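Observations on the model geometry
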Amino acid sequence: MSTVNSLDRLLEPTEATTIIRMHTTLLPTERVRLIELAGRILMEDVISDEDQPPFPAATMDGYAVIADDTTSVRRIVGDQFAGTIEAFHVERGTAAYITTGAPLPLGADAVVQIERMIETVEGVRIGEVPRAGQNIRPVGSDLRRGDRVLVAGTVLTPAAVGLLASLGKTDGLVTRRPRVSVLATGDELVEPGKPLGPGQIRDSNRFALVAALAPLGVTVSYAGLAPDTDDAQRSFLIERIADSDVVITSGGVSMGRKDLIKGLFVELATVHFRQVRMRPGKPFTFATAGPQGKTLLFGLPGNPVSGLVGFAVFVRPTLLAMQGHQQSDRPQARVRLAHDLTPIDRIDYLRVALRRADDGVLEAASTGPQQSSRLASFIGADALAIIPPRDTPYAAGEMIDALLLGTVA
Ligand code: AMP
Ligand code: MG
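Right, let's walk through the structure included here.

With that out of the way, let us pick up the pattern of salt bridges. Scanning the model with the defined rule gives 28 salt bridges in all. Among the ionic pairs, E15 bridges to R9, the shortest N-O distance being 3.0 Å. Its salt-bridge partner being R240, residue E239 comes within 3.1 Å of it at the nearest N-O pair. The network of salt bridges with shared partners includes R336, R355, D359 and E363.

In structure tokens, the structure reads:
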């Protein structure tokens, strides 16, 4: 099964993204306990069924008083700590000791900070004229009953998880984690830690890709290495297609005689495109397979940098979109080129370090030689500068777009 129309057409990255998005479906939902919600995507609206705070609360440690009481020394009627409601009232001529978060005692309408009080044996003297309502959080000032606190599509950041807990929720409805399989291919590849034979190199892509997947909320159900034989790669693909939402392969998608993934995708899946007008990563292959074409296959080129750039530009946003992320693309920034640059015939994703120049503008400088084999070009890279093709060279000082890379995610 294969669609031939766009197969060997060189797509623009934006066209490639559109095709991938057309085949990307939202994953089913599941209820997950609060403690395991970090980074997941909420798939329900959450409405507060209570006011927060539920009682007027002190925002300072100090004394609860009546603001327009002119008594010079107020008698202490008791202590009001957080977590209880005492029976006493504050009346004119009195004050109550109160701690941050404690309910305001009946009768009081202001809290005076402890630092502004002078404590004496007879009581407390205030060093300022209090204002009614000061240092008090009124009922519902953080949240009102009926407020839509979180909406479907929200990333469960620490604050969002905390909000759910504060509302008494014990779980949240989220998309299930995408199941992802990774396969590195190549006869030349050796497991790190094993001795290298003549002509061999170490498999770095499998580990780089699993590391790239780590912050994306996915389950890596398998990550392996296969030699360049049809049988080994075919059996892997059949098994992983059946068990994965996304299968990522590395290597074997170019023009060489040992580039077998290319043919196996055609045999086992529907290939949508296999070339994108970009550097690095031009032989990037996208296919769908399995029931209703719901398993997405990404065939990344074997060169380590090409694989990671293809992952950053196409795979990462897809994995986030499948989980319901509203902003699955990395943020972009306008940055200033720090040096001259010669454009090529396709979009160049240049690894750059960003630095704030003296005039406050973010400046982008290449991380060094940009060969697609040179993983070190990613080290110290804060962004991928997007350099479109054009007839004239780029000059230092020109403004360009850059895709910001997170340090972890
Ligand atoms: P391929 O796309 O399979 O033709 O590989 C292109 C280049 O990337 C070759 O130089 C490979 O040796 C290298 N390469 C392929 N797979 C890996 C890998 N998993 N780790 C490191 N380098 C690789
Ligand atoms: Mg290969």
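Read from one edge of the open sheet, six strands run β7-β4-β6-β5-β9-β8, paired in mixed fashion. For this open sheet the edge positions go to β7 (110–113) and β8 (117–119), each flanked by a neighbour on one side alone. When the angles between neighbouring strand axes are averaged without regard to direction, this sheet yields 40 degrees. Of the strand pairs in this sheet, β8 and strand β9 (residues 124–126) are connected by three bridges, and their pairing is antiparallel. Within the sheet, the bridge partner assigned to M117 lies in β9 and is I126.

This part takes up the sheet that holds strand β13 (residues 179–185). Across the sheet, which stays open at both edges, the six strands sit in the order β16-β13-β17-β21-β20-β18 with mixed pairing between neighbours. The open sheet has two edge strands, β16 (219–226) and β18 (270–273), and neither has a second partner. Shown here is a sheet whose adjacent strand axes are inclined to one another by a mean of 20 degrees, direction ignored. Of the strands in this sheet, β18, β20 (285–289) and β21 (295–300) are in contact with helix α1 (residues 13–22), which crosses β18 at around 150 degrees. Its contacts with the sheet put helix α6 (residues 304–322) on β13, β17 (246–250) and β21, and the angle it makes with β21 is roughly 170 degrees.

Time to look at the environment of P130. On the secondary structure map, P130 appears in the loop between β9 and β10 (136–137). The spatial distance from the C-alpha of P130 to the C-alpha of I386 is 58 Å, given a sequence separation of 256 residues. Setting aside anything within four residues of it in sequence, one finds P130 in contact with V65, A67, A110 and V112.

Here we come to helix α4 (residues 230–243). Think of an α-helix as 3.6 residues a turn; residues three or four steps apart then line up on the same face. Spanning 14 residues, α4 covers 20 Å between terminal C-alpha atoms, matching the ideal 20 Å at 1.5 Å per step. Three or more residues of α4 are buried, namely Q233, F236, L237, R240 and I241. Buried residues in α4, looked at end-on, bunch into an arc of 120 degrees, giving them a common side. More than 90 degrees from the buried face of α4, the exposed residues found are D231 and A242.

Below, the discussion takes up the site of ligand 1. Not every one of the 17 residues close to ligand 1 is listed here, only the nearest: E188, D203, S204, G252 and G302. In this structure, D203 approaches ligand 1 through a side-chain N or O atom, which is 2.8 Å from a nitrogen atom. Within the backbone of G302, a nitrogen or oxygen atom sits 2.9 Å from an oxygen atom of ligand 1. When contributions to the shell around ligand 1 are tallied by element, the ones reaching two or more residues are β13 and β15 (201–202). For the shell around ligand 1, the per-class residue count stands at four nonpolar, nine polar and four charged.

Now for the packing of aromatic side chains. Within a pair of aromatic rings, the relevant descriptors are the distance that separates the centres and the angle that separates the planes. Within this structure, the stated rule accounts for eight aromatic pairs. A ring pair is formed by F81 and Y97, whose centres lie 6.0 Å apart and whose planes are at 70 degrees; its orientation type is edge-to-face. Separated by 16 residues along the polypeptide, F81 in the loop between β5 (73–80) and β6 (94–98) and Y97 in strand β6 bring together distant segments of the chain. Relative to F298, the ring of F284 has its centre 6.0 Å away and its plane inclined at 55 degrees; by these criteria the two rings are tilted. Of the two residues, F284 sits in the loop between β19 (278–279) and β20 while F298 sits in strand β21, which places them 14 residues apart along the sequence. For F284, a relative accessible area of 0% puts it in the buried group.

Of the strand pairs in this sheet, strand β22 (residues 332–337) and strand β26 (residues 399–404) are connected by five bridges, and their pairing is antiparallel. Paired with A333 across the strands is A402, a residue of β26. Inspection of the sheet shows strand β25 (residues 383–387) paired to β26 by four bridges, in the antiparallel sense. Each bridged residue has a counterpart across the sheet, and for I386 the counterpart in β26 is D401.

A word on the nonpolar core. Residues I248, F273, F284, L319 and L384 are the most contacted members of the largest nonpolar core, which totals 40 residues. Broken down by secondary-structure element, the contributors of at least two residues to this core are α1, β13, α3 (205–213), β17, β21, α6, β23 (347–356) and β25. Of the residues forming this core, the biggest block, eleven residues, is contributed by α6. Ignoring sequence-local partners within four residues, the contact set of I248 consists of V180, S181, V182, L183, L209, L213, F298, L300, F311 and V315. L183, L237, V271 and A289 belong to the second largest nonpolar core, which has 16 residues in total.

Rules used in this analysis
- Residues numbered from 1 in each chain as written.
- Chains lettered and ligands numbered in written order.
- Predicted model: local features only at pLDDT ≥ 70, side-chain atom pairs only at ≥ 80, totals over all residues.
- Heavy atoms only, no water.
- Salt bridge = Lys/Arg side-chain N within 4 Å of Asp/Glu carboxyl O.
- Pairing = 2+ DSSP bridges.
- Helix = DSSP H or I, 4+ residues; strand = E, 2+ residues; numbered from the N terminus.
- Axes fitted to C-alpha atoms, helices over the stretch in contact; angles between N-to-C directions.
- Contact = heavy atoms within 4.5 Å.
- Expected span 1.5 Å × (residues − 1).
- Buried < 20%, exposed > 50% of the residue type's maximum accessible area, 1.4 Å probe, protein only.
- Arc of directions from axis to C-beta.
- Near = heavy atom within 4 Å.
- Polar contact = N/O pair within 3.5 Å; in protein donor to acceptor, adjacent residues only side chain to side chain.
- Nonpolar A, V, L, I, M, F, W, Y, C, P; charged D, E, K, R; others polar.
- Phe/Tyr/Trp six-rings, centres within 6.5 Å; stacked < 30°, edge-to-face > 60°.
- Core = buried A, V, L, I, M, F, W, Y, C linked by side-chain atoms within 4.5 Å.

Purely geometric numbers; function is a separate question.
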